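# A structural walkthrough
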Amino acid sequence: MLFESFKIAISSLQANKLRTFLSMLGIIIGVGAVISIVSIGSGAQMEVTGQIAGLGSNVINIMPGGARMTGGQLTARTADNFTPELADYIHMLSPSVQNIIPQIQDSGAFTYRDVRVQATIIGTKPAFQEINLYNPSAGRFINQGDLETASQVVVLGSRLARNIFDGEDPLGKRVRLEINRRVLLLTVVGVMEERGGNFMGNFDTQAYVPFSTYTQKISSTQNISQFLAQARSADESREAVAQIDYFLSTYLEDEDNYMILSQEQILDVIHQVTRTLNIMLGGIAGISLLVGGIGIMNIMLVSVTERTREIGIRKALGAKKAHIMNQFLIEALTLSSLGGLVGTLLGWLGAFVIASFGGWALVVSPGSVALALGFSLLVGLFFGLYPAYKAANMDPVIALSYE
Amino acid sequence: MMQIENLERVYHLGKANVAALKGVSFNIEDGEFVAIMGPSGSGKSTLMHILGCLDRPTQGRYYLEGHDISKLSDNQLAEIRNKNIGFVFQQFNLLPRMNSLHNVEIPLIYRHTRRSTRLEKAKKALERVGLGERLHHKPSEVSGGEKQRVAIARALINDPSLILADEPTGNLDTRTGNEIMKIFHNLNQQGHTIIVVTHENEIARQARRVIRLRDGLMVGDEVIGSAV
Ligand SMILES: Nc1ncnc2c1ncn2[C@@H]1O[C@H](COP(=O)(O)OP(=O)(O)OP(=O)(O)O)[C@@H](O)[C@H]1O
Ligand SMILES: [Mg+2]
């Protein structure tokens, strides 16, 4: 019986192909939108999340003067308090912090033969490499020995190295660095791997010198640009932030004097943003599904009216209410699920196209497909119910004499 | 066996009431061949709808095989229409998108008969009305007389005791009409009760009994010797 109803539904949908297609359009667009939006959302999120994870492992930035973010000036006191020793205190008092290094930076200019290149010079320690998951492609990074002797060595970002040496092997070459109205001769001991730019800056155009070299030979101040810390694990990231925060708020006596920014927090923000976006776009997709449902109801009402005589004939031949009801419900369900299927395919295709443009992996979650298909079936059922009910309850004599 | 007692049917049209049947009583025995005659608007179709369990009387009783029809639910009436009654209409009332076989098998679908059995029975019914060659033709592809034969085959498919035909020859020429009547005769001889509504004396004379209606009332009930 159900199979018969299904056959009747298919043949009546086939008889009006264009109308069938047009009435499915709402559902097709709605489902397609759900599938592609969810897919694009999660693909983009994975991409950004991956980028942030690539910034290092469980990195926590500690910067002086939270007020700086809102345009305020650093007070002298805060700057004075951000000293290298602070790193040691934090390390001792925050059990979830595995590494912490001070970082100090300024811009300078390298000269090699007749080439002169501007760059950001960073004074840092060996752990920088581990925290940022950033390794040399040639030579080595700054090591403990460099720190102890404040040796005059430099490690170059990949692009900076190319700009200065233009294909020549930089290792062992001596470059002239002008910085802070001083001049130093530095030996290149390493070139870092390609890292690319992101919203945190471009590692590839920076140069790295031992922290001690920087503080002793470049800048006389002990003021730190920022501390770079690393939590023991992703799970301990939150605790590490809390421990650092607790220590600093006590030590600096003012929460506005510093800012802590962890990878975790950035990820949280991104998750929140994409979640909000997903909900919003999902809502729009939901509305278009609803509109699709109304389209189906409309076409089903037309179909019921058009086939009034058929309904009368079927009733005269012994069809019960349930038979007629089923026939039209199944027609509505066929319409909506067909629309759902086509929409899924189109949404998938759309997600695929956009993913290949965006350069991220295609993620179509089975959950979103199931949700969209389930929802479109539900829409068909809900909006098919009234027309089917109307058909089932027609008076057979009146239906038979319908012109 | 059909018993009609004081049957009334009033249509409500807004505030106006139209009494299509104003108290009609008669019995019809199994195996009879009855013609119902009367001028247009006299209530013939209204009566046929009630006899065919498509409609219920406003007043009065209708017993079919001892069942009081007015006490049955819609679904029970549907079942009676399916199993005990075969309808033939003036306008054929075939489904245009289906071929003869599929039109004829419809009543069996609502009895949940298996597909292979359905098609077999439909083929037999079509052969019974001489349409063994038109199994796969759609209604638009056959003549009026053939359409009516398909409709008769459909009415026959469940082997109902009662066959109701409301002006079955109304859309056909005399010759084709007579052929259709011949089929009804054969069916009557095979034991089916036949009730035919007609305007034409020619047709009515082929029945064994003629019931005449006028203005919702029965004005004649005569037995005429079997014709042909
Ligand atoms: N659905 C209806 N609503 C209102 N009045 C109706 C309805 N059906 C029939 N009538 C009225 O009932 C009366 C009897 O109608 P019916 O169709 O039974 O006549 P009939 O004898 O079959 O006529 P004809 O020979 O023209 O087919 C008519 O006056 C008609 O207008
Ligand atoms: Mg009539």
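Computed from a prediction, not measured in an experiment: that's the story for all the values here.

What follows is about the overall build of chain A. On a plain count of helices and strands, chain A comes out with 14 helices and 12 strands. Against the 2.2 N^0.38 benchmark of 22 Å for 403 residues, chain A shows a C-alpha radius of gyration of 34 Å, more extended than a compact globule. Going through the 403 residues of chain A one by one, you find that 48% of them count as buried. Partitioning the contacts of chain A with sequence separation of at least 6, the portion at a separation of at least 24 is 79%. Carbon and sulfur atoms provide 61% of the accessible area of chain A, an area that totals close to 18700 Å².

Attention now goes to the site of ligand 1. Residue and element names in this part refer to chain B. Around ligand 1 there are 13 residues in total, and Ser40, Gly41, Lys44, Ser45 and Thr46 lie nearest to it. In this structure, glycine 43 approaches ligand 1 through a main-chain N or O atom, which is 3.0 Å from an oxygen atom. Separating an oxygen atom of ligand 1 from a side-chain N or O atom of threonine 46 is a distance of 2.5 Å. When ligand 1 sits alone it has 630 Å² of accessible area, and the protein chains cover 64% of it. At the level of elements, strand 1 (2–13) and helix 1 (44–51) are the ones that each hand at least two residues to the shell around ligand 1. A per-element tally of the shell around ligand 1 places helix 1 first, with 3 residues.

So, about the sheet that holds strand 8 (residues 193–197) of chain B. As a general point, the strands of a sheet are linked pairwise by backbone hydrogen bonds and lie either parallel or antiparallel. All names here are of chain B. The strand order 6-7-8-3-9-10 describes an open sheet built from 6 strands, whose pairing is mixed. One side of each edge strand has no neighbouring strand; the edge strands of this open sheet are strand 6 (85–89) and strand 10 (217–223). The mean angle between the axes of side-by-side strands here comes to 15°, regardless of whether they run parallel or antiparallel. Pairing analysis gives 5 bridges linking strand 7 (residues 162–166) to strand 8, with the strands arranged parallel. When the bridges of strand 8 are listed, leucine 162 appears paired with threonine 193. Along the sheet, helix 5 (residues 144–156) makes contact with strand 6 and strand 7, crossing strand 6 at roughly 165°.

Residue and element names in this part refer to chain A. Of the residues in chain A, 94% have a pLDDT of 70 or more, and the chain-wide mean is 86. Looking at the elements of chain A, mean pLDDT is at its lowest for helix 3 (residues 76–81), recorded as 62, and at its highest for helix 11 (residues 308–316), recorded as 96. Low confidence marks residues 67–72, where pLDDT is under 50. Its contacts with residues over four positions away, or in another chain, come to 5 contacts.

What follows concerns the packing of aromatic side chains. Residue and element names in this part refer to chain A. Under the criterion given, the structure shown has 12 aromatic pairs over all chains. Following the ring pairs from residue to residue traces out a cluster consisting of Phe128, Tyr134, Phe141, Phe203 and Tyr208. In this arrangement the basic side chain of arginine 195 is found over the ring face of phenylalanine 203, its NZ or CZ atom lying 4.9 Å from the centre.

Under the defined criterion, the tally for this structure stands at 30 salt bridges over all chains. Taken together, the shared-partner salt bridges in this structure form one network comprising Glu4 and Lys7 of chain A together with Glu105 and Arg118 of chain B.

Moving on, we come to the interface of chain B and chain A. With 25 residues of chain B at the contact, the number on the chain A side is 22 residues. Buried area between chain B and chain A, both sides added, is near 2300 Å², and the carbon and sulfur share of it is 59%. Of all residues in chain B, Leu54, Arg97 and Tyr110 of chain B give up the largest surface area on contact with chain A, accounting jointly for 29% of the area buried on that side. For glutamate 79 of chain B, the salt bridge goes to lysine 320 of chain A, with nearest N and O atoms at 2.8 Å. Summed over the shared surface of chain B and chain A, the number is 7 residue pairs in polar contact (both at pLDDT 80 or more). At the level of elements, helix 2 (74–84), strand 6, helix 3 (100–109) and helix 4 (115–128) of chain B are the ones that each hand at least two residues to the side of chain B that touches chain A. The element that contributes the greatest number of residues to the side of chain B that touches chain A is helix 2 of chain B, accounting for 6 residues. Grouping the constituent residues of the side of chain B that touches chain A by class yields 11 nonpolar, 6 polar and 8 charged.

The rules behind each value
Residues numbered from 1 in each chain as written. Chains lettered and ligands numbered in written order. Predicted model: local features only at pLDDT ≥ 70, side-chain atom pairs only at ≥ 80, totals over all residues. Heavy atoms only, no water. Helix = DSSP H or I, 4+ residues; strand = E, 2+ residues; numbered from the N terminus. Rg over C-alpha atoms; globule rule 2.2 N^0.38 Å. Buried < 20%, exposed > 50% of the residue type's maximum accessible area, 1.4 Å probe, protein only. Contact = heavy atoms within 4.5 Å. Areas by Shrake-Rupley, 256 points an atom, 1.4 Å probe, with all protein chains shown as cover. Near = heavy atom within 4 Å. Polar contact = N/O pair within 3.5 Å; in protein donor to acceptor, adjacent residues only side chain to side chain. Pairing = 2+ DSSP bridges. Axes fitted to C-alpha atoms, helices over the stretch in contact; angles between N-to-C directions. pLDDT = per-residue confidence, 0-100. Phe/Tyr/Trp six-rings, centres within 6.5 Å; stacked < 30°, edge-to-face > 60°. Lys NZ or Arg CZ within 6 Å of the ring centre and 35° of its normal. Salt bridge = Lys/Arg side-chain N within 4 Å of Asp/Glu carboxyl O. Buried area = accessible area lost by both parts, 1.4 Å probe. Nonpolar A, V, L, I, M, F, W, Y, C, P; charged D, E, K, R; others polar.

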